[in-house]
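# Survey of secondary and tertiary structure
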Amino acid sequence: MTDETSDIQAPGSPTPYGEHDAVGDRAQRGDRTMRHFTIEHDGVTIPVSRGGRGRPLVLCPGLNSTQADLRELAELLRRDHDVVTFDLRGHGLASAAGRYSFEDFLGDLAAVMAGPAGCGLPAAPVLVGYSLGADLAVHYASEHPDAVAGLVLIDGANPVPEPFITEAVLPEFRAMWEELATRQEAERGTARQVLLTAQQILDLNLEIDVVRSEILDRYGKIDRPISMIMSTSMAGDGGDGHARRFNQNWRAGVERLVREHPHIATTWLEADHQLVFTHATEIADIIRNAPGLAW
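So, here is what we can say about the structure in this document. As the structure is a prediction and not an experimental result, all values here were calculated from the model. (Residues numbered from 1 in each chain as written. Predicted model: local features only at pLDDT ≥ 70, side-chain atom pairs only at ≥ 80, totals over all residues. Heavy atoms only, no water.)

Across its full length, the chain holds 10 helices and 10 strands. When each of the 295 residues of the chain is scored for burial, the buried share is 55%. For the chain, contacts bridging at least 24 residues in sequence account for 72% of all contacts bridging at least 6. Total accessible area computed for the chain in this model is approximately 12,500 Å², and 50% of it derives from carbon and sulfur atoms. (Helix = DSSP H or I, 4+ residues; strand = E, 2+ residues; numbered from the N terminus. Buried < 20%, exposed > 50% of the residue type's maximum accessible area, 1.4 Å probe, protein only. Contact = heavy atoms within 4.5 Å. Areas by Shrake-Rupley, 256 points an atom, 1.4 Å probe, with all protein chains shown as cover.)

Within this structure, the stated rule accounts for 14 salt bridges. Among the salt bridges present, the one from aspartate 42 reaches arginine 99, with a minimum N-O distance of 2.9 Å. Within this pair, whereas aspartate 42 is found in the loop between strand E3 (32-41) and strand E4 (44-52), its partner arginine 99 is found in the loop between strand E6 (81-86) and helix H2 (102-114), the two being separated by 57 residues in sequence. Judged by its relative accessible area of 46%, arginine 99 is partly exposed. (Salt bridge = Lys/Arg side-chain N within 4 Å of Asp/Glu carboxyl O.)

Moving on: H2. The periodicity of an α-helix, 3.6 residues per turn, causes residues three or four positions apart to be oriented the same way. Between its first and last C-alpha atoms H2 spans 18 Å; for 13 residues at 1.5 Å apiece the expected length is 18 Å, and the two agree. The element H2 is extensively covered by neighbouring structure, given that 10 of its 13 residues are classed as buried. If you check which residues of H2 are buried, you get Phe102, Asp104, Phe105, Leu106, Gly107, Asp108, Leu109, Ala111, Val112 and Met113. (Expected span 1.5 Å × (residues − 1).)

Now for the packing of H2 against helix H6 (residues 198-213). At their nearest, the axes of H2 and H6 sit 10 Å apart, and the two run at 80 degrees to each other. The angle between H2 and H6 places the two elements in the roughly perpendicular class. Each of Phe102, Glu103 and Phe105 in H2 lies in contact with H6, whose residues at this interface are Leu204, Glu207 and Val211. Class assignment for the residues of the contact of H2 with H6 results in 4 nonpolar, no polar and 2 charged. (Axes fitted to C-alpha atoms, helices over the stretch in contact; angles between N-to-C directions. Parallel < 35°, antiparallel > 145°, perpendicular 65-115°, else oblique. Nonpolar A, V, L, I, M, F, W, Y, C, P; charged D, E, K, R; others polar.)

Within strand E7 (residues 126-130), 5 of the 5 residues are buried, which leaves the element mostly enclosed by the surrounding structure. Side chains of E7 alternate between two faces, with Val126, Val128 and Tyr130 and Leu127 and Gly129 buried alike. For the crossover from E7 across helix H4 (residues 132-143) to strand E8 (residues 150-154), the handedness is right-handed. (Right-handed = clockwise from strand over helix to strand, strands pointing away.)

Structure below.
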């Protein structure tokens with residue numbers, strides 16, 4: 001990714017980058033032209049990719065996931081959508097940042113939607129978010145209702161009745177994310193890298209618990225079609241008590257949401273939180289047929 005011109009770029013202006021091909025900002029995939037460029041925002045370089053044809057769609061990744069991780073789903077959607085993907089700060093080909101908070105990531109999404117990618121779309125896009133990306137999508141749509149045609153939320157933005165991280169399980173979560181951060185060191189310098197530390201990941205998950213405790217109010221501000229694609233066993237199907245409690249909490253959150261907003265369409269997949277990687281074909285089909293989002 002080129003960054004030699006970043007000091008003279010106006011905020012939001014695009015810079016081509018050549019991570020994906022030797023030519024620079026364009027790569028041919030069959031009969032669909034891919035464009036790759038960067039957006040400078042809040043001191044961060046955000047890489048953006050756009051390709052396909054059909055209904056405009058913006059795909060927002062989640063915490064610890066990148067547009068490279070979502071490539072299979074994006075390629076399936078590009079068969080009949082004009083798809084925009086990007087990396088959040090500290091993820092993939094995006095640069096590191098001094099801050100990693102929910103509001104910072106929301107700013108990254110807003111910069112993509114308002115920048116050359118969003119402005120160049122022929123109509124308001126369907127906004128698809130995975131995990132944290134789903135929460136970002138709900139917050140963005142509640143603040144910019146005319147900027148989206150509808151939402152598809154994949155295993156996120158769930159108003160769970162109880163926080164996931166409590167004092168009782170905090171040591172286990174801390175150890176899990178320390179192990180994850182160690183494994184991620186092997187991805188440094190690649191399109192799948194994550195630059196956040198274990199403590200930053202923990203802090204963000206604690207913040208997400210708070211965000212989700214207040215997210216019901218956000219749904220009330222959105223008058224666009226909303227579809228949810230949720231995993232039946234988000235914490236896995238192990239027999240230990242924690243997984244069972246987490247999965248029950250996850251389902252209870254969705255049931256609570258649908259009671260208050262019965263127009264929200266919900267599809268459950270027999271999967272864990274990795275469903276966007278393991279069930280990409282099914283998810284693409286659900287998105288194509290989402291109620292109220294036919295092109």
